Amino acid sequence: MGKLAGWRGGALTHAIIRRFVAHYGVNMAEAADSRIESYATFNDFFTRPLREGVRPIADAPLVCPVDAAISQFGPIEHDQIFQAKGHSYSTTALLAGDAELARRFDHGHFATLYLAPKDYHRIHMPCDGRLVKMIYVPGDLFSVNPLTARHVPGLFARNERVVCVFDTAFGPFVNVLVGATIVGSVATVWHGTVNPPRTRDVRQWDYAGRDIVLRQGQEMGRFLLGSTIVMLFPRDVVSFHPDWAPSRSVRLGEAMGTIAGATSPL
């Protein structure tokens, strides 16, 4: 499916895009280019940029990084992240067995956001952050829709994923880009396409000495088809917006929450 999504099929590609737009109710009026004929591949369409000003960035310490539906959010119980009724998974498992990194989020907070097919599929920064490292974690490619999340134990710690670790004014922040069924690849702005290649081993990139700083609202990555992000915050830092609730739709740039204990700007 990843290869098909990158195929330059001319009129056939445009017909597939039109059918997708009609089936999922994609709002092309928000796209920087609303003309279906302007997209050479399905991936070009799927990762389409938005028109300037369509997603204003709120004046808030934390803003929503994507268009999505809230899957779950709340406190991390020691090292356990709530997935769905009867299911949770550990921060260590999510972070490819990095127990030292995982301990930095003990009793912290998390937010899991599901990007539906109709959504804008670029991921932006909820706050300013300095990139520390990136980890590619091989895994399964289960669907990540709400039904699957209720029935597959440890789903987000089992699927293929890319872990992005940042330092911020309030401490460490992690954004995990979780792959899913027919996800062609995941890309970041500093690296480009992370997968493929798909390997059996965990791969890691160290950026501690590179001074790569991404500002709030700036694009940090994108999904080529599907998926979910899981964000991790340290203890006693985040208070989520009072309107947040599971299954609620959220949009890039809207206020996500407040932060406490910020030390100094980046």
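To keep things clear, this report deals only with the structure shown in the data block. This one's a predicted model, so the numbers in the text were calculated from it and none came from an experiment.

### Regarding the pattern of salt bridges
- Tallied over the full model, the rule gives 13 salt bridges.
- The shortest N-O distance in the salt bridge between Arg-55 and Asp-67 comes to 2.7 Å. Pair noted here: Arg-55 is in the loop between helix 3 (42-46) and strand 1 (62-63) and Asp-67 is in the loop between strand 1 and strand 2 (68-75), with a separation of 12 residues, a long-range link.
- By relative accessible area, which is 11% here, Arg-55 ends up buried.
- Taking the shortest distance from any N to any O, the salt bridge between Glu-219 and Arg-222 comes out at 2.8 Å.
- Residue Glu-219 is classed as buried on the basis of its relative accessible area, which comes to 16%.

### Considering the state of the cysteines
- Under the counting rule described, the total for this entry stands at zero disulfides.
- Residue Cys-164 stays outside any disulfide, its sulfur separated by 13 Å from that of Cys-127, the closest cysteine.
- The class for Cys-164 is buried, based on a relative accessible area of 0%.

### A look at the packing of aromatic side chains
- With the rule as written, the count across this model stands at 16 aromatic pairs.
- Aromatic side chains Phe-166 and Trp-190 sit 6.0 Å apart centroid to centroid with 85 degrees between the ring planes, which places their arrangement in the edge-to-face category. Placement of the pair is Phe-166 in strand 8 (residues 161-168) and Trp-190 in the loop between strand 10 (185-188) and strand 11 (192-195), with a sequence separation of 24 residues.
- Centre to centre, the rings of Phe-170 and Phe-233 are 6.2 Å apart; their planes meet at 45 degrees, and the pair counts as tilted. Of the two residues, Phe-170 sits in the loop between strand 8 and strand 9 (171-178) while Phe-233 sits in strand 15 (residues 227-233), which places them 63 residues apart along the sequence. By the burial criterion, Phe-170 is buried, and Phe-233 matches it.

### Examining the nonpolar core
- By size, the foremost hydrophobic cluster in this structure holds 37 residues, and its most contacted members are Leu-113, Leu-177, Trp-190, Met-220 and Phe-233.
- Counting only elements with at least two residues in this core, the list comes to strand 2, strand 5 (109-115), strand 7 (129-137), strand 8, strand 9, strand 14 (219-224), strand 15 and strand 16 (238-240).
- Ignoring any residue separated from it by four or fewer positions in sequence, one finds Leu-113 in contact with Cys-64, Pro-65, Val-66, Ala-68, Ala-69, Ile-70, Ser-71, Ser-227, Thr-228, Ile-229, Met-231 and Trp-244.

### Notes on the sheet that holds strand 1
- Ordered by their spatial adjacency, three strands build an open sheet running 1-18-16, and the pairing between neighbours is antiparallel. Looking along the sheet, the strands with just one partner apiece sit at the ends: strand 1 and strand 16.
- Across two bridges, the pairing between strand 1 and strand 18 (residues 255-259) is antiparallel. Residue pairing in the sheet places Leu-62 in a bridge with Gly-257 of strand 18.

### What about the environment of Pro-75?
- Within the secondary structure, Pro-75 sits in strand 2.
- Sequence separation between Pro-75 and Arg-235 is 160 residues; the distance between their C-alpha atoms is 8.6 Å.
- In this structure Pro-75 touches Gln-80, Gly-108, His-109 and Phe-110, once residues within four positions along its chain are discounted.

### Some words on the environment of Val-66
- Turning to its location among the elements, Val-66 is positioned in the loop between strand 1 and strand 2.
- Between the C-alpha atom of Val-66 and that of Arg-55, which follows or precedes it by 11 residues, the distance is 9.9 Å.
- Contacts of Val-66, omitting those with residues within four sequence positions, involve Leu-113, Leu-115, Arg-122, Ile-123, Ile-229, Val-250, Arg-251 and Leu-252.

Thresholds applied
- Residues numbered from 1 in each chain as written.
- Predicted model: local features only at pLDDT ≥ 70, side-chain atom pairs only at ≥ 80, totals over all residues.
- Heavy atoms only, no water.
- Salt bridge = Lys/Arg side-chain N within 4 Å of Asp/Glu carboxyl O.
- Helix = DSSP H or I, 4+ residues; strand = E, 2+ residues; numbered from the N terminus.
- Buried < 20%, exposed > 50% of the residue type's maximum accessible area, 1.4 Å probe, protein only.
- Disulfide = S-S within 2.5 Å.
- Phe/Tyr/Trp six-rings, centres within 6.5 Å; stacked < 30°, edge-to-face > 60°.
- Core = buried A, V, L, I, M, F, W, Y, C linked by side-chain atoms within 4.5 Å.
- Contact = heavy atoms within 4.5 Å.
- Pairing = 2+ DSSP bridges.

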